[in-house]
Amino acid sequence: MTEPVEYPPFRLGESRFDQGMFYGRLRHFLDVIDPRTLFVSESRLRDCIKLLDQFRNGTLPPGVTNAQLWDAQKVKQAIIHPDTGEKIPMPFRMSGFVPFGTPVVVGLLLPNQTLASTIFWQWLNQSHNACVNYCNRNATRPAPMSKFFQGYLGAVSSAVTIAVGLNILIKRAEHFSPTTRLLVQRFIPFPAVASANVCNVLLMRHTELSEGISVLDDKGNVVGTSKLAARHALMETALTRVVLPMPILLLPPIVMAILERLPLLQKHPRLVLPVHSMVCLSAFGAALPVAISLFPQNSQIHVSELEPEISATTECKILTYNKGL
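Note that this is a predicted model, so its numbers are computed, not measured.

**A short note on the pairing of strand E2 (residues 222-226)**
Here comes step 1: Where strand E1 (residues 213-216) lies against E2, four bridges are found, and the strand directions are antiparallel. Within E2, the position partnered with Ile-213 by the bridge is Ser-226.
Here comes step 2: Counting the residues in the hairpin turn of E1 and E2 gives five residues, including Gly-220, whose phi is positive at 85 degrees.

Quick look at the structure:
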């Protein structure tokens, strides 16, 4: 019996989809954020870990298929931190990002926000993001908690400052009609969240500018450490962090502005919040994997754009580096 084409030969620790193509990255991230892994039982998790250990040790029982191995790896990667080997708390797993993050997105996009509610939802959003980032951090090179705390404070401060500042400016804009003012206010969360994301990247990873990051040749060997590549990586990551929340925070206000004109919602205003929540959930679940998949994890750079000492150590013209997310 042959296996389905979508299950290639199993490769431990690698994605089963081609990460060089957008569709491959999309399929990969749909697996990563699959909320069904939140309901995996302890016995199922132990079985998956045992199966992967048997593969690693070359002691697989007969009859185990590639599909079973890929599924076991998906379950383990969704629940267990790859560096610490500890379980990631359910609200902070990548598979929990949409179900646990949607209420926060709904709160961010609520119309007619007060000063207190604006501050609360921006703080809650950045707190949730900080916990997700910390629980899914790269733990091979331990970083002090002060570094994460610095990034968290910077993100909260910038998000709250911009959101509150823009709200005050819009409320003072006399040439806006009440309808226009309400519509514009709904788009305030995006610049606030995007700027906070950029601030977080710069505060968390600014040491890379002085220390550099590894650049690799076409065989995956480390050629050297480059500060110029680090600058490119931070710029690309900052751009990624601006684009990622765009569909999640811009689509729902546009959709709701259309839906609220429907006679049904005008006649039954109590339906606005449930409909708003469903729109946010749909936008979050559909747009997040697409937005993440737009950018490959590894970027390429011509050796001529790097330090002379690096170009002198390799004949490879195009090098790669991990830009991170």
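**What to know about the pattern of salt bridges**
Close approach of charged atoms allows side chains with opposite charge to pair.
Here comes step 1: All chains considered together, the criterion is met by eight salt bridges.
Here comes step 2: For Asp-53, the salt bridge is made with Arg-56, and the minimal N-O distance between the two is 2.8 Å. Of the two residues, Asp-53 and Arg-56 are both situated in helix H2 (residues 42-57); the distance of three residues between them amounts to about one turn of the helix.
Here comes step 3: In this structure, the salt-bridge partner of Arg-186 is Glu-260, at a minimum N-O distance of 2.4 Å. Separated by 74 residues along the polypeptide, Arg-186 in the loop between helix H7 (178-185) and helix H8 (189-205) and Glu-260 in the loop between helix H11 (245-259) and helix H12 (263-267) bring together distant segments of the chain.
Here comes step 4: For Arg-186, a relative accessible area of 7% translates into the label buried.
Here comes step 5: Several salt bridges share partner residues, and in doing so they unite Asp-31, Asp-34, Arg-36 and Lys-74 into one network.

**Regarding the environment of Ala-229**
Here comes step 1: Position of Ala-229 relative to the elements: it lies in helix H10 (residues 227-243).
Here comes step 2: A residue is classified by how much of its surface remains accessible, and Ala-229, at 0% relative accessible area, is buried.
Here comes step 3: Residues Ala-229 and Val-215 lie 14 residues apart in sequence; the distance between their C-alpha atoms is 7.5 Å.
Here comes step 4: When sequence neighbours within four positions are dropped, the list of residues in contact with Ala-229 reads Ile-213, Val-215, Leu-306 and Tyr-321.

**A short note on the packing of aromatic side chains**
Here comes step 1: The final tally for this structure, using the stated rule, is seven aromatic pairs.
Here comes step 2: Seen in terms of ring centroids, Phe-97 and Phe-284 are 5.7 Å apart; in terms of plane orientation they differ by 70 degrees. Their pairing is edge-to-face. You can see Phe-97 sitting in helix H4 (residues 97-108) and its partner Phe-284 sitting in helix H13 (residues 272-293), a full 187 residues away along the chain. An identical accessibility class is assigned to Phe-97 and Phe-284; each is buried.
Here comes step 3: Here Tyr-134 and Phe-148 contribute two aromatic rings whose centre-to-centre distance is 5.0 Å and whose plane-to-plane angle is 90 degrees, an arrangement assigned as edge-to-face. Of the two residues, Tyr-134 is situated in helix H5 (residues 115-135) and Phe-148 in helix H6 (residues 145-172); the sequence distance between them amounts to 14 residues.

**Structural notes on unusual backbone geometry**
Here comes step 1: A positive phi angle, near 55 degrees, is found at Asn-112, a position not held by glycine.
Here comes step 2: Of note, Asn-112 is situated in the loop between H4 and H5.
Here comes step 3: What makes Asn-112 exposed here is its relative accessible area of 60%.

**Some details on the UniProt feature "transmembrane region" (unreviewed entry) in the protein chain**
Here comes step 1: UniProt marks residues 151-170, 182-203, 238-259 and 271-295 with the feature "transmembrane region" (unreviewed entry), using the numbering shown here.
Here comes step 2: Helix and strand shares over residues 182-203 are 86% and 0% respectively, and the end C-alpha atoms of the span are 33 Å apart.
Here comes step 3: A distance of 37 Å separates the end C-alpha atoms of residues 271-295, which is 88% helix and 0% strand.

**So, the nonpolar core**
Here comes step 1: If you look at the biggest cluster of nonpolar residues, it comprises 23 residues, and the most contacted ones within it are Val-105, Leu-108, Ile-248, Leu-249, Phe-284 and Leu-288.
Here comes step 2: At the level of secondary structure, the elements contributing two or more residues to this core comprise H4, H5, H8, H11 and H13.
Here comes step 3: Other than its neighbours up to four places away in sequence, Ile-248 contacts Val-105, Leu-109, Ala-283, Phe-284, Ala-287 and Leu-288.
Here comes step 4: In terms of nonpolar packing, the next biggest core, distinct from the first, is built from 13 residues, Val-215, Ala-229, Ile-310 and Leu-319 among them.

**Some points on H11**
Here comes step 1: For H11, with 15 residues, the first-to-last C-alpha span of 22 Å sits near the 21 Å given by 1.5 Å per residue.
Here comes step 2: Residues of H11 that are buried include every one of Pro-245, Ile-248, Leu-249, Pro-252, Pro-253 and Met-256, and no others.
Here comes step 3: Packed against the buried residues of H11 are H4, H8, H10 and H13.

**Side note on H5**
Here comes step 1: Taking 1.5 Å of rise per residue, the 21 residues of H5 would be expected to cover 30 Å, and the 30 Å separating its terminal C-alpha atoms lies within 8% of that figure.
Here comes step 2: What H5 keeps buried is the set Ser-117, Thr-118, Trp-121, Gln-122, Asn-125, Gln-126, Ser-127, His-128, Asn-129, Val-132 and Cys-135.
Here comes step 3: If you follow the buried residues of H5, they end up packed against H4, H6 and H8.

**Here's the deal with the packing of H5 against H6**
Here comes step 1: The interhelical angle for the contact between H5 and H6, taken along N-to-C directions, is 150 degrees, at an axis separation of 9 Å. It follows from the interaxial angle that H5 and H6 lie roughly antiparallel. For the pair H5 and H6, the sense of crossing is right-handed. Seen from H5, the contacting residues are Leu-115, Thr-118, Ile-119, Gln-122, Trp-123, Gln-126, Ser-127, Ala-130 and Tyr-134; seen from H6, they are Met-145, Phe-148, Tyr-152, Ala-155, Val-156, Ala-159, Val-160, Ala-163, Val-164 and Asn-167.

Scoring rules and cut-offs
- Residues numbered from 1 in each chain as written.
- Predicted model: local features only at pLDDT ≥ 70, side-chain atom pairs only at ≥ 80, totals over all residues.
- Heavy atoms only, no water.
- Pairing = 2+ DSSP bridges.
- Helix = DSSP H or I, 4+ residues; strand = E, 2+ residues; numbered from the N terminus.
- Salt bridge = Lys/Arg side-chain N within 4 Å of Asp/Glu carboxyl O.
- Buried < 20%, exposed > 50% of the residue type's maximum accessible area, 1.4 Å probe, protein only.
- Contact = heavy atoms within 4.5 Å.
- Phe/Tyr/Trp six-rings, centres within 6.5 Å; stacked < 30°, edge-to-face > 60°.
- UniProt positions renumbered as here; feature names shortened; annotations may be inferred.
- Core = buried A, V, L, I, M, F, W, Y, C linked by side-chain atoms within 4.5 Å.
- Expected span 1.5 Å × (residues − 1).
- Axes fitted to C-alpha atoms, helices over the stretch in contact; angles between N-to-C directions.
- Parallel < 35°, antiparallel > 145°, perpendicular 65-115°, else oblique.
- Left-handed = near helix turned anticlockwise from the far one by under 90°.

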